[in-house]
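# Per-entry structural report
Read off the chains here:
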Amino acid sequence: MSFQNPVFIPGPTNIPESLRKACDMPTIDHRSPLFGTILHPARKAVQAILKSTSAEVFIFPSTGTGGWETAITNTLSEGDTVLVARNGMFSHRWIDMCERHGLELIIVDVAWGQGIPADRFEEILTGDTAHRIKAVLATHNETATGVVSDIGAIRHAMDAAGHPAMLMVDGVSSIASMDFRFDAWGVDVAVTGSQKGFMLPPGLAIVGFSEKAMDATKTAGLHRTFFDVHDMMKGYANSAYPYTPAVGLMNGLNEACRMLMDEGLETVFARHHRIAEGVRRAVWAWGLELCAESPDVYSDTISAVRTPNGFNATDIVTHAASTYGVAFGVGLGDVAGKVFRIGHLGSLTEVMTLSGIATAEMCMVDLGLDIKLGSGVAAAQEYYRYGSEIEQKVAAQ
Ligand SMILES: *Cc1c(COP(=O)(O)O)cnc(C)c1O
């Protein structure tokens, strides 16, 4: 395995040198005031990345999955009903966690490759006149299929139904890479981790709670200890934690937020869109299809690429790792063996992305697929090259 090559898995993502350095800290006393100079700015910076002015931000030594558990155990009670769509492996896993916690689920199953059906949610919520549904769970970006869902439309559906449920969003593979609007979308709980858009090593669950979600914590009956947000709030008031915080990662988080803000959030989103569009053009130049069924659900952080019937897509991933020292993502769950995934989020440039496209191409040709070397690279180059922008500007005049 080469450590020179970038990774093209949808998390953990490539870590910029400056963030590796920021995480590499001497030990400090996490009960000293010095820790507060890392903790408070990190919470504030995450709030800005969430596009919120009021979200309570919690940072746990954990991962995105711990963020899910934080979301549900602090706000819900056994037997509470939640509404959720299953359209890929990550939404499926969140559902599984809810079941294990004794929640009642209304599951809307949709094809893997489609987004969350807001209209179907509106029907169900409108029918729930007794307001049994306490929370609507949405996976903003299904990392298994490369499908983004319209969270604003889900908020709209909830409002149209006049339903008071909380809106909980898994933004693990979208936040800090694609537009995410905590306040504008009326999100009550947002969940992410350190190792995707934030470009850090894994190890932090990053969670935002609205005022409504904080209110729900007062009556929530599910058990929680490690993920108790009240214990965390008490700690924060004293610039401390109820246990040992991951200080180096939190220092890295500050630096990551600074990088994102220096680049400009909208510029970060535009970069991800541009990189993603080049990858999509490569896929089509190969004569292949995305798992995502329509342009409105194309993800700007991950592309799941369908391979021809009878071909095991996982072979591409295995071959890329063993032969070229490059990591792609395998298909998960229902699409295992049918897709391979190109992660294109975090610290990535067009030029780095071209190397991933070129590698995927070599692998597919090595494995006997009828693909012309250079075809995908050329399609992406045509889209990425500086000249194409100039030509577009000239054409627009
Ligand atoms: C990666 C991911 C998760 C799981 O996060 P972990 O940090 O691995 O626990 C959850 N949801 C989505 C959408 C993801 O991409």
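Source: prediction; values computed, not measured.

### Section: the site of the ligand
- The environment of the ligand is made up of 13 residues, and the closest members are T63, T65, T143, D170 and K196.
- T63 is positioned such that a nitrogen or oxygen atom in its side chain is 2.5 Å from an oxygen atom of the ligand.
- Separating an oxygen atom of the ligand from a side-chain N or O atom of Q195 is a distance of 2.7 Å.
- For the ligand, whose accessible area on its own is 380 Å², the fraction buried by protein is 88%.
- The element contributing the most residues to the shell around the ligand is helix α3 (residues 64-73), with 3 residues.
- Of the residues contributing to the shell around the ligand, the split by class is 3 nonpolar, 8 polar and 2 charged.

### Topic: unusual backbone geometry
- G11 connects to P12 through a cis peptide bond whose omega is -5°.
- The backbone phi angle of A176 is positive, close to 80°, even though this residue is not glycine.
- With respect to the helices and strands, the residue A176 is situated in the loop between β7 (166-170) and β8 (189-193).
- In the Ramachandran plot, S239 falls in the positive-phi region, its phi being about 55° despite a non-glycine side chain.

### Considering the sheet that holds strand β11 (residues 302-306)
- With antiparallel pairing, the 4 strands of this open sheet are ordered in space as β10-β11-β13-β12. Every interior strand has two partners, whereas the edge strands, β10 (289-290) and β12 (329-330), have only one.

### Some words on the pairing of strand β4 (residues 133-139)
- With 6 of 7 residues buried, β4 lies mostly within the body of the structure.
- Bridging between β4 and β7 involves 5 bridges; their strand directions are parallel. Note that in β7 the partner of L137 across the bridge is M168.

Reading guide: rules and limits
Residue numbers here run from 1 along each chain, matching the order of that chain's written sequence. The model is predicted, so local features are restricted to residues of pLDDT at least 70 and side-chain atom pairs to those at 80 or more, both for listing and for counting; the totals for chains, interfaces and linings are taken over all residues. Hydrogens and water molecules were not included; the side-chain quantities draw on all heavy atoms of the structure. When we say a residue is near a molecule or strand, we mean one of its heavy atoms is within 4 Å of it. Throughout this description, a polar contact denotes any pair of N or O atoms lying within 3.5 Å of each other; where both atoms belong to protein, one of them has to be capable of donating a hydrogen while the other can accept it, and for residues adjacent in sequence the pair is counted only when both atoms sit in side chains. We get accessible surface area from the Shrake-Rupley algorithm with a probe of 1.4 Å; when it comes to residues, only the shown protein chains can shield them. Put simply, DSSP marks the helices as runs of H or I at least four residues long and the strands as runs of E at least two long, and each gets a number from the N terminus on. Note on residue classes: Ala, Val, Leu, Ile, Met, Phe, Trp, Tyr, Cys and Pro are nonpolar, Asp, Glu, Lys and Arg are charged, and everything else, Gly too, is polar. Strand pairing is defined by DSSP finding a minimum of two bridges between the two strands. When accessible area is computed with a 1.4 Å probe and restricted to protein chains, residues below 20% of their type maximum are described as buried, those above 50% as exposed, and intermediate ones as partly exposed.

Distances and angles like these do not, on their own, reveal function.
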